[in-house]
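Close look at the chain arrangement
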Amino acid sequence: MSNRYAVILAAGQGTRMKSKLYKVLHPVCGKPMVQHVVDQVKKLNIEKIVTIIGHGAEKVQAQLGDDSLYAMQESQLGTAHAVMQAASMLEGKEGVTIVVCGDTPLIRSETMESLFSHHEQLKAKATILTARIEDPTGYGRIIRNKDGLVEKIVEHKDATEEERRINEINTGTYCFDNAALFAALKKVSNDNAQGEYYLPDVIEILKNQGEVVTAFQTNDLEETLGVNDRVALAEAERIMRKRINESHMRNGVTIIDPNNTYIETDVKIGQDTIIHPGTILKGKTIIGGDCQIGPNSEIVSCEIGNETVIRQSVAHNSSIGARVNIGPFAHIRPDSSIADDAKIGNFVEMKKAVFGEGSKVSHLSYIGDAEVGRNVNIGCGSITVNYDGKNKYLTKIEDDVFIGCNSNLVAPVTIEKGAYVAAGSTITKNVPKEALSIARARQVNKENYVEKLHLKQ
Ligand code: UD1
Ligand code: CA
């Protein structure tokens, strides 16, 4: 196998996206398009990956980090001009260079590997990854001669009516003999409809020099999608989503309605977990086995133990133990840590709280900036009063505490182990161990009140 290099084109603005965000940074299932491409290219045993950056250079570089080397394209004069910017790093090297567009997020390493093999077997100087698609509008067309050999690529905007009827397209991925590529790039002109230096013109240049130029046609049409606008972005998202969902199902996860389940690329799910419709799993979420998630739940970067049930709820950046029962309609905000066997019931909001093993907060509560021990029972409507308008304070509830319904725990405050708080209390002072604290007005019953009221009239 010869040395392999890769050039990833990511300098364009992506005008057709009509966005403040640079095109290649638009996420598909939570991961920027260019990162999808680089992640696949990284599997190919490449000596040097060079990403061409221009628009949004810093942000693209921040995204890819050490995954790539970078070459700057100051002004975007076309895809050939873009590749030329890698000359200082690649020109003169012996080997094969794969060029991939940063806006083809569905391309898979297996397909690129086949492209390399095809290129090497045929001892070609250039091999284009092509596909036959139903609607080739916008893509470069593959022009073959009467013997079926590739002659050149014609861009949609430069194509004649007849050429536009050709439905074999350039996917924007190619293998080149590295030395031949950089030599040919110098001959590319910008005499075309867009006034750009087109990389596809290298094909005709090499062909005219009598070099072997071939095409490798993929049957996986979905992979070839180039995202130029938001319609294509949604299409890429749909295809990627299907891939992700199918891979979880193959790993033993039940997804009740895959068309209505949205799982980002980095999410991990254990066996026999059931994902109900309308569920969105994002970021670095890791879900154990035998869980039930959804319907209609959003979970972002949470770690969740086995056998946990989360219904109609939202949870962000938190850790949730095993056999926990959450929802319906609970909101777990960032930095919460919920231990095993806990119960977070309906209309409970939790924020930055440690919630101990076997503890329960079953209905209509706010637990924020709190440390709650084991086997605590927090009655309906109870609130940790954590904010004085300026600062936030901690509420500590030790093991085995019972908080009666509709209590306010005004922080900073500690309810010591085993203590009871009577319903309706507003607690402003610490409650000692195993005490009962009642902090509410005594009830006064005025006998015969109604009769007296009537006598007055
Ligand atoms: C390109 C191909 C077309 C192919 C299609 C596949 C050219 C001229 N045409 O068209 O044959 O069918 O991809 O999706 O190559 N870029 C730069 N610098 C530039 C211009 C572009 O880095 O000066 C980058 C863009 O960021 C993008 C990629 O190159 O990631 C492709 O550019 P784009 O403008 O999307 O090309 P298409 O018109 O889609
Ligand atoms: Ca494109």
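Not measured: the values here are computed from a predicted model.

Let's shift gears to the overall build of the protein chain. Counting its secondary structure elements, the protein chain contains 10 helices and 39 strands. Referenced to the eigenvectors of the C-alpha coordinate spread, the extents of the protein chain come out at roughly 110 × 55 × 40 Å. Counting only residues that meet the buried cut, the protein chain has 49% of its 457 residues in that class. Of the contacts made within the protein chain by residues no fewer than 6 positions apart, 40% connect residues no fewer than 24 positions apart. Looking at the protein chain as shown, the accessible area adds up to about 22,000 Å², and 47% of this sits on carbon and sulfur atoms. Taking the 53 positively charged and 58 negatively charged side chains of the protein chain as two groups, their mean positions are separated by 6 Å.

Two elements, strand β4 (residues 48-53) and strand β5 (residues 69-72), share four bridges in a ladder whose sense is parallel. The partner of T51 across the bridge, within β5, is Y70. Where the polypeptide runs from β4 across helix α2 (residues 57-64) and back to β5, its parallel neighbour, the crossover connection is right-handed.

Within the structure, ligand 1 sits among 25 residues, and G12, Q73, T79, E155 and N170 are positioned closest to it. Between ligand 1 and T79 there is a distance of 2.7 Å, counted from an oxygen atom to a side-chain nitrogen or oxygen. Within the side chain of D103, one N or O atom sits 3.0 Å away from an oxygen atom of ligand 1. In isolation ligand 1 has 760 Å² of accessible area, and contact with the protein removes 92% of it.

Right, let's talk about the pairing of β4 for a bit. For β4, the tally of buried residues reaches five of six residues, placing the bulk of the element in the interior. Where strand β1 (residues 4-10) lies against β4, six bridges are found, and the strand directions are parallel. Bridge pairing in β4 places A10 opposite I53.

Look at the link from G294 to P295: it is a cis peptide, with omega at 5 degrees. Of note, P295 is situated in the loop between β18 (292-293) and β19 (298-300). Cis geometry marks the peptide bond from A411 to P412; its omega dihedral reads 0 degrees. Looking at the element boundaries, P412 is found in the loop between β35 (408-410) and β36 (413-415). For D341, which is not glycine, the phi torsion reads 60 degrees and is therefore positive. Counting through the fold element by element, D341 comes out in the loop between β26 (337-338) and β27 (343-346). Not every positive phi belongs to a glycine, and D369 is a case in point at roughly 50 degrees. Residue placement: D369 occurs in strand β30 (residues 366-372).

Quick look at the pattern of salt bridges now. Applying the stated criterion across every chain yields a total of 20 salt bridges. We note a salt bridge from R108 to D220, for which the minimum N-O separation is 3.8 Å. Here R108, found in the loop between β6 (96-101) and α5 (109-121), pairs with D220, found in the loop between β11 (213-217) and α9 (230-250); they are 112 residues apart in sequence, far enough to count as distant. Relative accessible area serves as the criterion here: at 25%, D220 is assigned to the partly exposed category. Across the pair K417 and D400 runs a salt bridge whose closest N-O atoms are separated by 2.9 Å. One end of the pair, K417, is in the loop between β36 and β37 (420-421); the other, D400, is in the loop between β33 (395-397) and β34 (402-403), and 17 residues separate them in sequence. Through salt bridges with shared partners, a single ionic network connects K31, D39, K42 and D67.

A four-donor tetrahedral metal ideally has 109.5 degree angles, and a six-donor octahedral metal ideally has angles of 90 or 180 degrees. Donor atoms from the polypeptide that bind the calcium ion (ligand 2) are D103 (OD) and N228 (OD1), placed at 2.3 to 2.4 Å. Linking D103 in the loop between β6 and α5 with N228 in the loop between β11 and α9, this pair joins segments that are 125 residues apart in sequence. With a relative accessible area of 11%, D103 lands in the buried category.

With 60 residues, the main nonpolar core has I338, I344 and I415 as its most contacted residues. With six residues, the single largest contributor to this core is α9. If you count residues domain by domain, this core takes at least three from each of domain 1 (4-224) and domain 2 (336-457). Dropping the residues within four chain positions of it, I415 is found in contact with K396, I397, E398, V401, I403, L409, V421, I427 and V431. If you look at the next biggest cluster of nonpolar residues, it comprises 35 residues, including I52, L90, F182 and V202.

Its place among the elements puts S437 in strand β39 (residues 436-437). Look at S437 and you get buried, because its relative accessible area is 17%. Once residues within four sequence positions are removed from consideration, S437 is found in contact with Y420, V421, A422, S425, I427 and V431.

To continue, consider the packing of helix α7 (residues 178-185) against helix α8 (residues 201-208). The contact between α7 and α8 brings their axes to 10 Å, and the two run at 105 degrees. Classified by the interaxial angle, the pair formed by α7 and α8 is roughly perpendicular. Contacts between α7 and α8 involve A180, L181, A184 and L185 from the first element and V202, I205 and L206 from the second. Among the residues forming the contact of α7 with α8, the class breakdown is seven nonpolar, no polar and no charged.

Moving on, we get to the layout of surface pockets. One number sums up the size of the second largest pocket: a volume of about 380 Å³. What lines the second largest pocket is a set of 17 residues, among which Q40, M240, R243, I244 and T265 lie closest to the centre. Listed by contribution, the elements that provide at least two residues to the lining of the second largest pocket are α1 (33-41) and α9. With five residues, α9 is the largest single contributor of residues to the lining of the second largest pocket. Residues that form the lining of the second largest pocket fall into these classes: five nonpolar, five polar and seven charged.

Here is what the cut-offs are and how they apply
For every chain, the first residue of the written sequence is number 1, and numbering continues from 1 onward in sequence order. Here the convention is simple: chains get letters from A, ligands get numbers from 1, in the order in which they are written. Reporting of local features is limited, given that this is a predicted model, to residues whose pLDDT is at least 70; pairs of side-chain atoms are given and counted only at 80 or more, and all residues count toward the totals for whole chains, interfaces and linings. Excluding hydrogens and water, the side-chain figures rest on all heavy atoms present in the structure. Only DSSP runs of H or I covering at least 4 residues are called helices, and only runs of E covering at least 2 are called strands; the numbering of each starts at the N terminus. Burial here depends on accessible area, computed with a 1.4 Å probe over protein chains only, as a share of the maximum for the residue type. Under 20% is buried, over 50% is exposed, and the range in between is partly exposed. Any two residues whose heavy atoms approach within 4.5 Å at even a single point are treated as in contact. Each accessible area is a Shrake-Rupley estimate made with a 1.4 Å probe; only the visible protein chains count as cover when residues are assessed. Just so you know, the count uses Lys and Arg for positive and Asp and Glu for negative, and it drops His and the chain ends. Think of each charge as sitting on NZ of Lys, CZ of Arg, CG of Asp or CD of Glu. By this definition, two strands are paired if DSSP reports at least two bridges between them. Crossovers are described as right-handed under a simple rule: with the strands pointing away from the observer, the path leading from the first strand over the helix to the second runs clockwise. When at least one non-hydrogen atom of a residue lies within 4 Å of a molecule or strand, that residue is treated as near it. Residues adjacent in sequence count toward polar contacts only when both atoms are side-chain atoms; beyond that, a polar contact is any pair of N or O atoms within 3.5 Å, and within protein one must be able to donate a hydrogen and the other to accept it. A pair is scored as a salt bridge if a Lys or Arg side-chain nitrogen falls within 4 Å of a carboxyl oxygen belonging to Asp or Glu. Each metal's donors comprise the N, O and S atoms found within 2.8 Å of it (within 3.2 Å for Na, K or Ca). Water is not part of the atom list, so some coordination spheres may appear incomplete. Here, the term nonpolar core denotes a set of buried Ala, Val, Leu, Ile, Met, Phe, Trp, Tyr and Cys residues that are joined through side-chain atoms within 4.5 Å. Where each domain starts and ends follows an automatic or database-derived domain assignment. Think of each axis as a best-fit line through the C-alpha atoms, taken over the contacting stretch in the case of a helix, with angles from 0 to 180 degrees between the N-to-C directions. Geometric relationships in this document are graded by angle, where less than 35 degrees denotes roughly parallel, more than 145 denotes roughly antiparallel, 65 to 115 denotes roughly perpendicular, and other angles denote oblique. Three classes are used, and their members are as follows: Ala, Val, Leu, Ile, Met, Phe, Trp, Tyr, Cys and Pro are nonpolar, Asp, Glu, Lys and Arg are charged, and the others, Gly among them, are polar. Grid points spaced at 1 Å over the protein atoms alone were grouped into cavities, where a 1.4 Å probe fits but cannot get out, and pockets, open sets with protein on both sides within 12 Å along at least five of seven lines, with lining residues defined by an atom within 4 Å of a point. Grid points are joined across faces, edges and corners, and a volume is the space filled by probe spheres set on the points.

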